[in-house]
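Topology and contacts: notes
If you want the building blocks of each chain, they are given just below.
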Amino acid sequence: MSLSAGLFITFEGIDGAGKSTHIASIARAFEATGRRVVLTREPGGTPLAEKLRGLVLNDPMDPLCESLLVFAARRDHLAQVIEPALADGAVVLCDRFTDATFAYQGHGRGFDLRVLEQLEAWVQRDAHGNLRQPDLTVWFDLPAAVAAERLASARVPDRFESQPQAFFQRVASGYAARAAQAPQRFARIDADQPRDAVAEAVRRAFAQRGWLPSS
Ligand code: TYD
């Protein structure tokens, strides 16, 4: 259900799934149709949320603290950026959102999923009681072993990127569980393909919904 004229699209997947370049090309494609695009990320997207991001990615803390901080960042991001942009009819492209919390803090860290559901309701419910959810979540699905190979050559790892492969296997299964709960919201992209094939699959997900012309 869309609560506004805007479009709220999130991009998800384990570290190393390669979503960044695809988000940028979808942004350009929407702009080419004349729509206003807001490109943002989580944790982050506002000055306060970016400060919280720095803490979450670098400072040791327990999973409850991690969950509270990512939801605090999300609250500010929704209030300051996402909701105003959607009310204005923009296309909001967000690099990660709440599915990442269920996948990383819930399945990865083993934190209580029911507590996360409560936080989700507190943070994402508006004054009329509607729960804000993405109109579409593009899920880059990649085996943890392939992601680990790709990450091996990456820059200095943060608190998540330095986790063992078993952690990312749990995170990947967390995404699969979220997708199974809301299959209409998710577009699963097989990210274990050459970059051009992944780009084509992403583009198709938008074309199928009538949001972008097929390339
Ligand atoms: P990421 O989105 O991969 O950005 P970059 O490509 O710049 O590293 O990094 C964000 C990290 O934060 C990623 O490892 C997942 C983690 N994360 C959570 O653990 N919980 C959350 O709710 C969100 C949004 C992200």
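Quick note: structure is the one above.
Residues numbered from 1 in each chain as written. Predicted model: local features only at pLDDT ≥ 70, side-chain atom pairs only at ≥ 80, totals over all residues. Heavy atoms only, no water.

Here the focus is the pattern of salt bridges. Inspection of every chain in the model, using the stated rule, returns 14 salt bridges. Salt-bridge contacts for D15 lead to R96; the nearest nitrogen and oxygen are separated by 3.9 Å. Placement of D15 in the loop between β1 (7-12) and α1 (20-32) and of R96 in the loop between β3 (91-95) and α4 (98-108) is noted, with a sequence separation of 81 residues between them. As far as burial versus exposure is concerned, D15 and R96 are alike and both buried. A salt bridge links E83 to R132; the nearest nitrogen and oxygen atoms lie 2.8 Å apart. Residue E83 is located in helix α3 (residues 63-87), and its partner R132 is located in the loop between α5 (113-124) and β4 (136-141); the two are separated by 49 residues in the primary sequence. The class of E83 is partly exposed, set by a relative accessible area of 28%. Each member of the salt-bridge network shares a partner with another, and the members are D99, E120, R178 and R185. (Salt bridge = Lys/Arg side-chain N within 4 Å of Asp/Glu carboxyl O. Helix = DSSP H or I, 4+ residues; strand = E, 2+ residues; numbered from the N terminus. Buried < 20%, exposed > 50% of the residue type's maximum accessible area, 1.4 Å probe, protein only.)

Turning our attention to the packing of aromatic side chains. Applying the stated rule across the entire model yields eight aromatic pairs. An aromatic cluster is built from Y104, F160, F167 and F168, whose rings are joined through pairwise contacts. Across from the ring centre of F160, 5.7 Å away, lies the NZ or CZ of R159, which sits over that ring. Taking NZ or CZ as reference, R178 lies 3.8 Å from the ring centre of F102, over its face. (Phe/Tyr/Trp six-rings, centres within 6.5 Å; stacked < 30°, edge-to-face > 60°. Lys NZ or Arg CZ within 6 Å of the ring centre and 35° of its normal.)

By the secondary structure assignment, Q133 is in the loop between α5 and β4. Measuring from C-alpha to C-alpha, the distance between Q133 and F8 comes to 7.9 Å, with 125 residues separating the pair along the chain. Those residues in contact with Q133 that sit more than four places away from it in its chain are F8, E120, Q124 and R185. Engagement of the side chain of Q133 in a polar contact is seen with the side chain of E120, the distance being 3.0 Å. (Contact = heavy atoms within 4.5 Å. Polar contact = N/O pair within 3.5 Å; in protein donor to acceptor, adjacent residues only side chain to side chain.)

As a further point, take α5. Side chains that are three or four residues apart share a direction in an α-helix, a result of its 3.6 residues per turn. Relative to the 16 Å expected for twelve residues at 1.5 Å per residue, α5 spans 16 Å between its end C-alpha atoms, a close match to the ideal helical length. Three or more residues of α5 are buried, namely L116, L119, E120, V123 and Q124. Taken end-on, α5 shows its buried residues confined to a sector of 105°, consistent with a single buried face. Turned more than 90 degrees off the buried face of α5, the exposed positions are R114, Q118 and W122. In the core, the buried residues of α5 are packed alongside α3, α4 and α7 (165-181). At the N-terminal boundary of α5, the capping side chain belongs to D112, with an oxygen 2.9 Å from the backbone nitrogen of R114. (Expected span 1.5 Å × (residues − 1). Arc of directions from axis to C-beta.)

Along the polypeptide, Q105 turns up in helix α4. In this structure Q105 touches P63, E66, S67, V70, A100, G110, F111 and F160, once residues within four positions along its chain are discounted.

Taken together, 16 residues lie around the ligand, and D15, R53, R96, T101 and Q105 are the ones closest in. In the environment of the ligand, an oxygen atom lies 3.2 Å from a nitrogen or oxygen atom belonging to the side chain of R74. Measuring from an oxygen atom of the ligand, one finds a side-chain N or O atom of T101 at 2.6 Å. When the ligand is considered free in solution it has 550 Å² of accessible area, and contact with the protein chains removes 90% of it. Going through the elements one at a time, α2 (47-58), α3 and α4 are the ones with two or more residues in the shell around the ligand. Broken down by class, the residue content of the shell around the ligand amounts to six nonpolar, two polar and eight charged. (Near = heavy atom within 4 Å. Areas by Shrake-Rupley, 256 points an atom, 1.4 Å probe, with all protein chains shown as cover. Nonpolar A, V, L, I, M, F, W, Y, C, P; charged D, E, K, R; others polar.)

Our next topic: the sheet that holds strand β2 (residues 37-41). Either a parallel or an antiparallel arrangement is found when strands of a sheet pair, and the pairing is made through backbone hydrogen bonds. Overall, parallel pairing links the five strands, which are arranged β2-β3-β1-β4-β5 in an open sheet. Pairing within the sheet leaves two strands with one partner each, and these edge strands are β2 and β5 (186-190). The mean inter-strand angle of the sheet, taken between neighbouring strand axes irrespective of direction, is 20°. Across four bridges, the pairing between β1 and β4 is parallel. Across the sheet, the residue bridging to T10 is T137, located in β4. (Pairing = 2+ DSSP bridges. Axes fitted to C-alpha atoms, helices over the stretch in contact; angles between N-to-C directions.)

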